[in-house]
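# Report on the structure
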Amino acid sequence: MSREDLDRTLIIKRPKLDNDGLRKSHASLIVLRGAEIGRDFRLRKGGMIIGRSVEADIRLPDDLASREHARIDCSWDIQGHSITYAVIDLGSTNRTFVNSRPVERAVLEDGDKVQIGDTVLKFVLMDEIDATFHAEVRDRITYDQLTGLLTKESLYLAFEMELQRCLRYGLPLAALMMDLDWFKSVNDGHGHLMGSHVLAEVGRLIRESIRDADVSGRYGGEEFISYLAETDTKEARRAAERIRAAIEAHSFTLDGVTLGITISIGVAAAPKHGCDIKSLVKAADRALYRAKGSGRNRVCTVDDED
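Calculation notes
Residues numbered from 1 in each chain as written. Predicted model: local features only at pLDDT ≥ 70, side-chain atom pairs only at ≥ 80, totals over all residues. Heavy atoms only, no water. Axes fitted to C-alpha atoms, helices over the stretch in contact; angles between N-to-C directions. Helix = DSSP H or I, 4+ residues; strand = E, 2+ residues; numbered from the N terminus. Parallel < 35°, antiparallel > 145°, perpendicular 65-115°, else oblique. Contact = heavy atoms within 4.5 Å. Nonpolar A, V, L, I, M, F, W, Y, C, P; charged D, E, K, R; others polar. Left-handed = near helix turned anticlockwise from the far one by under 90°. Salt bridge = Lys/Arg side-chain N within 4 Å of Asp/Glu carboxyl O. Buried < 20%, exposed > 50% of the residue type's maximum accessible area, 1.4 Å probe, protein only. Pairing = 2+ DSSP bridges.

### A few points about the packing of helix α3 (residues 152-168) against helix α7 (residues 277-293)
Close contact between α3 and α7 brings their axes to 11 Å; oriented N to C, the two are set at 105°. In this view, α3 runs roughly perpendicular relative to α7, as classed from their interaxial angle. Across the interface between the two elements, Y156, F159, E160 and L163 from α3 touch I277, L280 and V281 from α7. Class assignment for the residues of the contact of α3 with α7 results in 6 nonpolar, no polar and 1 charged.

Put into structure tokens, the structure is as follows:
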């Protein structure tokens, strides 16, 4: 092959981009400033409540945000074949601002900045390519790729903000420390592909067993951690039991091989068992150690030790 042939640019026929995929049909609020900077809240067609409450559709861990601060509404223009989004203040204490102006109701345009408390969110309209790209970048930064849960570092950032908020308002907050039982035997006996499959499925089961407002992360290896806002020890124990039961009941199957997996969970709650992340996690870990030592596949709290 001659040098000219090596230097020649190859011509490859590629399909043209689908125009429908380039339509800006995805609406989101992206956190520009606040505890969860970079988070992308995809807007639904129905109304969505923004606020500090754990029941809010878009929950902001911000002391200056009201529990139900504002609402995002959308309306469909039949003639124009378009959707309009508007933000409506719900009588909040510190008001809602759009582009630095206080508003009772405002129709949102692409690029508008909505301020609620100390949190600033940018309203964006994205096409399919932009939406996929943004989701991919954020997932790579904050989420463990195997389990789909937050990385330990990302979880700790959110954990610290939530813990301080709950302590300030006299609200409980619970921490769960979780560890798979006999996981080393899975890797040793069935290989790392099966081990990875088990971890991925456990991540999914944890997400499905707790509320949307609760946050979970991969602590390391086969260990997991969750924090449950405005939740006392009794309620946290029930949540932990849901996780334990879901994992015990699940069949972990890969390439025709099916395994049964169990998990041990330790529960602690602030302020009773600690008022900072280090002491709270240490207390939950102590309860986890008790769960392991008393037979595994069970939930223990710090109070059980007494």
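### Some words on the packing of helix α5 (residues 192-209) against helix α6 (residues 233-249)
Two quantities define a packed helix pair, namely the angle between the axes and the distance from one axis to the other. Where α5 meets α6, the closest approach of the two axes is 9 Å, and the angle between their N-to-C directions is 140°. The orientation of α5 with respect to α6, classified from their angle, is oblique. In the crossing of α5 with α6, the sense of the turn from one axis to the other is right-handed. Contact residues: V202, L205, I206 and S209 in α5; R242, I243, A246 and I247 in α6.

### Side note on the pattern of salt bridges
Taken as a whole and assessed by the stated rule, the structure comprises 18 salt bridges. Between R95 and E104 there is a salt bridge; the shortest N-O distance is 3.3 Å. Judged by relative accessible area, R95 falls into the partly exposed class, the value being 38%. Here R218 makes a salt bridge to D144, at a shortest N to O gap of 3.4 Å. Of this pair, R218 sits in strand β13 (residues 215-220) while D144 sits in the loop between α2 (128-142) and α3; the two residues are 74 residues apart in sequence, bridging distant segments of the chain. We note that R218, like D144, is buried. One connected set of salt bridges, linked through shared partners, spans R59, R67, E162, R165 and E230.

### Re the sheet that holds strand β7 (residues 96-98)
Strand order in the open sheet formed by 6 strands is β2-β1-β11-β10-β7-β8, and the pairing between neighbours is antiparallel. Every other strand in the sheet has two partners, leaving β2 (40-42) and β8 (101-103) as the edge strands with one partner each. Neighbour-to-neighbour, the strand axes of the sheet open up by a mean angle of 30°, direction not taken into account. In the sheet, β7 pairs with strand β10 (residues 113-116) via 3 bridges, with the strands oriented antiparallel. Paired with F97 across the two strands is Q115, which belongs to β10.

Keep in mind these values describe shape, not function.
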